[in-house]
Amino acid sequence: MGGVDEAYNKLKELVVYPLQHPQVFAQLCAPRGILLHGPPGCGKSSIVQQLCAENGLFLIPVTCSDLSSSDPGGSEEKLRNIFKESLSVSSPTVLFLDVVDSICPKRGGQTHTNRLITCLTGLIDDVHTNRNLTIMAATNRLEDVDPSLRRPGRLDREVHLYAPNCHQREEIIKAICEEIELYTDLEDVKQVAEMTPGYVGADLNLLCREALYLSLDRCQLTVKEWKAAIGRVRPSAMRESTGSGEFRRVSWDEVGGLEEARMYIRRSVEWPLKHPEAFERLNVPRPKGVLIYGPPGCGKSLLVRAAATSCTASFLSISAAELFSPFVGDSEKMVSDLFRRARQAVPAILFLDELDAMVGGRTNANHGRTAQLGVVAALLQEMDGISSSQGVVVVGATNRPDKIDGALLRPGRFDSLVHIPHPDVTARLAVLQSLCRKMPLKEVDLKNLAERTQLFSGADLESLTKEAALGALEEDLSAFEILQRHFEQALAKVPPSITLEQADFYRDYASGKRK
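Residues numbered from 1 in each chain as written. Predicted model: local features only at pLDDT ≥ 70, side-chain atom pairs only at ≥ 80, totals over all residues. Heavy atoms only, no water.

In the nomenclature of an unreviewed UniProt entry, the protein chain is known as AAA+ ATPase domain-containing protein of Daphnia pulex. According to the UniProt record, the Sequence similarities (unreviewed entry) comment for the protein chain is "Belongs to the AAA ATPase family." (UniProt positions renumbered as here; feature names shortened; annotations may be inferred.)

Draft legend 1. Layout of the pattern of salt bridges. Throughout the structure, instances matching the rule amount to 24 salt bridges. Among the ionic pairs, Arg 410 bridges to Asp 384, the shortest N-O distance being 3.6 Å. Here Arg 410 is found in the loop between strand 11 (392-398) and strand 12 (414-419), whereas its partner Asp 384 is found in helix 16 (residues 370-384), with 26 residues between them in sequence. What makes Arg 410 partly exposed here is its relative accessible area of 39%. Residue Asp 384 is classed as partly exposed on the basis of its relative accessible area, which comes to 38%. (Salt bridge = Lys/Arg side-chain N within 4 Å of Asp/Glu carboxyl O. Helix = DSSP H or I, 4+ residues; strand = E, 2+ residues; numbered from the N terminus. Buried < 20%, exposed > 50% of the residue type's maximum accessible area, 1.4 Å probe, protein only.)

Draft legend 2. Inspection of the side chain of Asp 188 at higher detail. Structurally, the position occupied by Asp 188 is in helix 7 (residues 186-194). Here Asp 188 is buried and forms no salt bridge, its nearest opposite-charge partner Lys 227 lying at an N-O distance of 9.3 Å. The residues touching Asp 188, leaving out its near neighbours within four places in the chain, are Leu 221, Thr 222 and Val 223. (Lys, Arg positive; Asp, Glu negative; His and termini not counted. Contact = heavy atoms within 4.5 Å.)

Draft legend 3. Spatial organisation of the sheet that holds strand 4 (residues 133-139). Reading across the sheet, the five strands line up as 2-3-4-1-5 and stay open at both edges, with parallel pairing between neighbours. Since the sheet does not close on itself, it has two edges, and those belong to strand 2 (58-63) and strand 5 (157-160), each with one partner. The average undirected angle you get between the axes of adjacent strands in this sheet is 20 degrees. One ladder, built from six bridges, connects strand 2 with strand 3 (residues 93-98); its direction is parallel. The residue bridging Phe 58 from the neighbouring strand is Thr 93, located in strand 3. Helix 3 (residues 44-55) rests against strand 1 (33-37), strand 2, strand 3 and strand 4 of the sheet, and its axis sits at about 170 degrees to strand 3. (Pairing = 2+ DSSP bridges. Axes fitted to C-alpha atoms, helices over the stretch in contact; angles between N-to-C directions.)

Draft legend 4. Local environment of the confidence of the model for the protein chain. Mean pLDDT over the protein chain stands at 84; residues scoring 70 or higher make up 92%. By mean pLDDT, the top-scoring element of the protein chain is strand 3 (93), and the lowest-scoring one is strand 7 (residues 220-221) (72). (pLDDT = per-residue confidence, 0-100.)

Draft legend 5. Geometry of the sheet that holds strand 10 (residues 348-352). Spatially, the five strands line up as an open sheet ordered 9-10-11-8-12, and their pairing is parallel. Looking at strand neighbours, the two that pair on one side only are strand 9 (314-318) and strand 12, the edges of this open sheet. Neighbouring strand axes in the sheet, compared pairwise and without regard to direction, differ in orientation by 20 degrees on average. With five bridges joining them, strand 10 and strand 11 adopt parallel strand pairing. In the sheet register, Leu 350 faces strand 11, and the bridge partner there is Val 394. Strands strand 8 (289-293), strand 9, strand 10 and strand 11 of the sheet are contacted by helix 12 (residues 300-310), whose axis makes an angle of about 170 degrees with strand 10.

Draft legend 6. The environment of Leu 470, seen in detail. Along the chain, Leu 470 turns up in helix 19 (residues 458-475). A relative accessible area of 47% places Leu 470 in the partly exposed class. Residues Leu 470 and Val 159 lie 311 residues apart in sequence; the distance between their C-alpha atoms is 60 Å.

Draft legend 7. Main features of the nonpolar core. Grouped together as the largest cluster of nonpolar side chains are 37 residues, with contacts concentrated most on Phe 339, Leu 352, Leu 355, Met 358, Val 359, Leu 379 and Leu 408. The biggest single contributor to this core is helix 16, with six residues. Not counting residues within four places of it along the chain, the set of residues in contact with Leu 379 comprises Val 335, Phe 339, Leu 352, Leu 355, Val 359 and Leu 408. Among the nonpolar cores identified, the runner-up in size contains 30 residues, and Val 250, Ala 261, Val 304 and Ala 397 belong to it. (Core = buried A, V, L, I, M, F, W, Y, C linked by side-chain atoms within 4.5 Å.)

Draft legend 8. A look at helix 1 (residues 5-20). Of all the bends in helix 1, the largest measures some 35 degrees and sits at Lys 12. For helix 1, the secondary structure elements touched by its buried residues are helix 2 (22-25), strand 1, helix 3, strand 3, strand 4 and strand 5. (Bend = angle between axes of the 7 residues up to and from the residue.)

Draft legend 9. Examining a nonpolar patch on the surface more closely. On the surface, Leu 470, Leu 473 and Leu 477 cluster together into a nonpolar patch covering about 320 Å² of accessible area. Inspection of the secondary structure assignment puts Leu 477 in the loop between helix 19 and helix 20 (484-493). (Patch = residues over 30% accessible without salt bridge, like charges linked within 9 Å, V, L, I, M, F, W, Y side chains within 5 Å. Areas by Shrake-Rupley, 256 points an atom, 1.4 Å probe, with all protein chains shown as cover.)

Draft legend 10. Here's a closer look at the layout of surface pockets. In this structure, the second largest pocket spans a volume of roughly 750 Å³. Lining the second largest pocket are 32 residues; nearest its centre among them are Gly 299, Leu 302, Leu 435, Gly 458 and Glu 462. For the lining of the second largest pocket, the elements supplying multiple residues, two or more each, are helix 12, strand 11, helix 17 (425-436) and helix 19. If one sorts the elements of the lining of the second largest pocket by residue count, helix 19 sits on top with five residues. Partitioned by chemical class, the residues of the lining of the second largest pocket number 12 nonpolar, nine polar and 11 charged. Residues from two domains meet in the lining of the second largest pocket; each of domain 3 (252-419) and domain 4 (438-497) gives at least three. (1 Å grid on protein atoms, 1.4 Å probe; cavity = no way out; pocket = protein on both sides within 12 Å on 5 of 7 lines; lining within 4 Å. Points joined across faces, edges and corners; volume = space filled by probe spheres on them. Nonpolar A, V, L, I, M, F, W, Y, C, P; charged D, E, K, R; others polar. Domains from an automatic or database assignment.)

Draft legend 11. Spotlight on the packing of helix 10 (residues 259-274) against helix 12. The interhelical angle for the contact between helix 10 and helix 12, taken along N-to-C directions, is 35 degrees, at an axis separation of 10 Å. In this structure, the crossing between helix 10 and helix 12 has a hand that is right-handed. Contact residues: helix 10 offers Ala 261, Arg 262, Ile 265, Val 269, Glu 270 and Lys 274, while helix 12 offers Leu 303, Ala 307 and Ser 310. For the contact of helix 10 with helix 12, the per-class residue count stands at five nonpolar, one polar and three charged. (Left-handed = near helix turned anticlockwise from the far one by under 90°.)

Draft legend 12. Looking closely at the domain arrangement of the protein chain. Under the domain assignment, the protein chain is made up of domain 1 (4-160), domain 2 (166-238), domain 3 (252-419) and domain 4 (438-497). On a C-alpha basis, the centroid separation for the pair domain 2 and domain 3 is 30 Å. Every contact between the two is made by five residues of domain 2 and, on the other side, 10 residues of domain 3. Contact between domain 2 and domain 3 buries roughly 610 Å² in total, counting both sides, with carbon and sulfur atoms accounting for 59%. The interface formed by domain 2 and domain 3 includes zero salt bridges. In this assembly, domain 2 and domain 3 are joined by one residue pair in polar contact (both at pLDDT 80 or more). When its residues are assigned to classes, the side of domain 2 that touches domain 3 shows three nonpolar, one polar and one charged. (Buried area = accessible area lost by both parts, 1.4 Å probe. Polar contact = N/O pair within 3.5 Å; in protein donor to acceptor, adjacent residues only side chain to side chain.)

Structure (structure tokens):
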């Protein structure tokens, strides 16, 4: 196995040493049970199997979902028999309860579940006299496990297996390639590790086998096969229906103008995810959230995609239209699920588009909009629960920053406010040059066009270039060039979408709010 050295060493200290040296730990508070938790596919079961195999421990694996029985008391009887078998083994033994949340969810109205919890906690309490047995359990939904199971004396130690970082992914890919006798260049492996944020061990295993399937000679992989495989295999955390985990990758070179805004975005979004050690070295807390605001069509979403591409982070996005549901409590659950998925796929950028429609200010005017009020409360709770060291940055985008609930704008939530202004003449020229770099222009004065397109947004300029190209095709479908007159015709058809009043509003808001 690769990429789990830290968790392996911790488990060895908690499990192996007390079992191999019971006389030393007789007077110490040795753990009676360990609860492993982490995202699906991160290697919880595999690390337990390797731990027991390498250290000579007898392993009794139990899939808790198999304990269910249609007979009254049947599940409890199976559980008692398993513990009886475990206690009868004379050598150091590990009883591993996988998917423990399936038999020990938080207590509710189901009588048979409550009986199972009572039975399991009683059996664990009876084990304390046996120094040859350690109980381990695993779950990917820690919040669903009954609290009585997590108290001291039962599963009193918890080990979190995170989604692997870039270096750990590189180690995992090397280990898998060695196992399946797949030969690839080490530099390619490093590049693949950088391109797979959010992938857990099971995802990387599938990715390697998919790349092998796509390779032509079946023995040496190139970057081409790796990229094709990445396009087919999505990380587990991105496969759920809530929110979108796919986005068009954009380089900073494709972003025209907006130099000041780019620096703010890179400083607030890219640097914390790409260079966390620099923030730790200066003891500076990393920002949790960034609010981007400005006129429509000025490149807010484009800047976020460029930042996500640059720092090879997982990208999750959702808009107000996707978030709201007619069912009570569904919207709040979607917010919680989004943050859970982001934490499982670190480093991650969680992009909330149309934020003003999601979390408008809580006033008497919208007192009846209970769904929106619930979303505001859920978002406040989730953002307060994000640790600056977790590798999740929340980015919100809005055209109406004055409509955002004030509680979200305080430091510790959306720490940074970034104004994306409508492009000035220099920025418009940069945008036009970026849009036209692959277009066959002939004697087109882009500088003159930039001077004549005051109040045009980036989206307006893109529409202008498309209209000019279509104008050339209207004249001649076999045209190979776009001329100045085609842009003149397009200028007469494409008006600016930003008004002077809008520009003044954003400028005034920025001068009052921007620090």
